[in-house]
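# Remarks on the overall topology
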Amino acid sequence: MAKSRRVDTGIIQRGKSYTFTVALGMDINGKQIRKTTTYTPPEGLTEKKADKLAKEEYINFKNRCKGMATFNENMRFTELVEEYFKVYAPNKLKPITAYNYQKMIDYRFTEYFGNKKLKDINTAMLTDFFNNQTDTDKQGNIHPLAPSTVKRIYNIMQSLFHFAMNQGYIKETPCSGVILPKKDVTQDEKRRYLTQDELSRFLPLFDGYSSFNTIIKLLLYTGMRSGEVLGLQWCDIDLKNNIIAVNHTLSDVGGKHFLTTPKTKTSRRNIAISQTVANMLKEHRKHQMELQMLLGSEFTHPEMVFTSERGNYKDRSCLNTSFRRFLKGTEFEFMTLHCLRHCNATLLLNAGIDIKIVSDHLGHSDIGTTANIYADVLESSRRRTAEVIEVTLSKEA
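Anyway, here's the lowdown on the structure attached to this text. (Residues numbered from 1 in each chain as written. Predicted model: local features only at pLDDT ≥ 70, side-chain atom pairs only at ≥ 80, totals over all residues. Heavy atoms only, no water.)

### Considerations on the sheet that holds strand β2 (residues 11-14)
Quick reminder of the rule: Here, strands pair whenever DSSP counts at least two bridges between them. A run of H or I in DSSP counts as a helix once it spans at least four residues, and a run of E counts as a strand once it spans at least two, with each numbered from the N terminus. Angles shown run from 0 to 180 degrees and are taken between the N-to-C directions of axes, each axis being a line fitted to C-alpha atoms and, for helices, limited to the stretch in contact.
In space, the 4 strands of this open sheet follow the order β1-β2-β3-β4, with antiparallel pairing throughout. In this open sheet, the two edge strands, each paired with only one partner strand, are β1 (4-8) and β4 (32-39). The mean angle between the axes of side-by-side strands here comes to 25°, regardless of whether they run parallel or antiparallel. When β2 meets strand β3 (residues 17-26), the two strands line up antiparallel, connected through 4 bridges. The residue of β3 that forms the bridge with Ile11 is Phe20.

So, in structure tokens, the structure goes:
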């Protein structure tokens, strides 16, 4: 056992480490409140230099403790996760979000961070962790995780440490200053929408009636999220006034589907539709009624606009898979369901529709979100505006 040495009041050296103890008065039962932590100075220092650094760290620790009765930097990462899902998740996260966070933490974080103390997790460690995340494809090849995916899992870590900081477990979050991976995007990845010429070739692919074709065209015509479209009920659609009310989104937690509130408060909105879209929905309703008559009470959810052939909730991941398979071998292979939303927004912005109206139409939380996502489109519109002014003034001259 390593020898102990008292360096100063509240500082004991054991081997290469120093133990700090700070007294914070008495609790209501008359028991003294103490906070402890350990500090290990860099290798190669003289005893005098190591003692000096230890005293400086002790003062910092003491100052932090005075302002934080619940300070607990010795808490382990697994304990933080447990507290997060016991206190924060039930009150602040939707069930589907909490479910996905838990899955990602179990898969990506637990093995690496599980037994580490919060005080030992720093910014440099997180930067290294996120820049070395990999995935394995169907052929068994290992490749770096896509930067967009890394950003999503980083957001989960950020949420965990913000919770820890707000609860007083740590002084500051190590997520501040983390450098995430970045890669050069391809032209298809950068341009998440279709040009007018491409749309004239894309839309005919979905001619003729089918539930699938109706969903794809509705996504394109309305700019709704796929979960919002699959969460539509017939009572949400006013075919007399051509209005769709977005009141729900369809979520999937562990294979179980249920309706929940939209993504944000502003996502609950009304969308005006054209007569073309209204007629398309009327035709879909007619086909669905025929199917309901055939299946009777076996048709599970007659209140839903889009269902499976048996009337069950329509699975979003299956829809996305069907969409990708449908476009395989075409010039539109890069398209995803979410690209249809981008197409809708781009068409509106290029048509000169005010960005505030577009933001409300998309259900964004604020206009800044719209401006950030469609910065390239807005810049192009500004250039065209300058050109129009120049042409107009040239004519006047």
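That was the structure; now back to the text.
### Concerning helix α2 (residues 77-92)
To keep things clear, this is the line we draw: Here the bend at a residue means the angle between the axes of two seven-residue stretches, the one that ends at it and the one that starts at it. Two residues form a contact once any of their heavy atoms are found within 4.5 Å.
Approximately 40° is the largest bend angle found in α2, and it occurs at Phe85. Of the surrounding elements, those touching the buried residues of α2 are α3 (95-113) and α5 (147-166).

### Some points on the sheet that holds strand β7 (residues 237-238)
One open sheet accounts for 3 strands, arranged β7-β8-β11; its pairing is antiparallel. The sheet is open, and its two edges are formed by β7 and β11 (269-272), each paired on a single side. Across 2 bridges, the pairing between β7 and strand β8 (residues 243-246) is antiparallel. The residue of β8 that forms the bridge with Asp238 is Ile243.

### Quick look at the packing of aromatic side chains
For clarity, the threshold we go by: Working definition: a ring pair exists when centres of Phe, Tyr or Trp rings (six-membered ring for Trp) sit within 6.5 Å. Plane angles under 30 degrees give stacked, over 60 give edge-to-face, the rest tilted. For each residue, the accessible area found with a 1.4 Å probe, counting protein chains only, is set against the maximum for its type, and the residue is called buried under 20%, exposed over 50%, and partly exposed in between.
For the coordinates displayed, the defined rule picks out 25 aromatic pairs. Ring centres of Tyr84 and Phe85 lie 5.2 Å apart, and the angle between their planes is 80°; this geometry places the pair in the edge-to-face category. Among the residues examined, Tyr84 registers a relative accessible area of 0% and is labelled buried. Centre to centre, the rings of Phe109 and Phe130 are 6.4 Å apart; their planes meet at 90°, and the pair counts as edge-to-face. Placement of the pair is Phe109 in helix α3 and Phe130 in helix α4 (residues 123-130), with a sequence separation of 21 residues.

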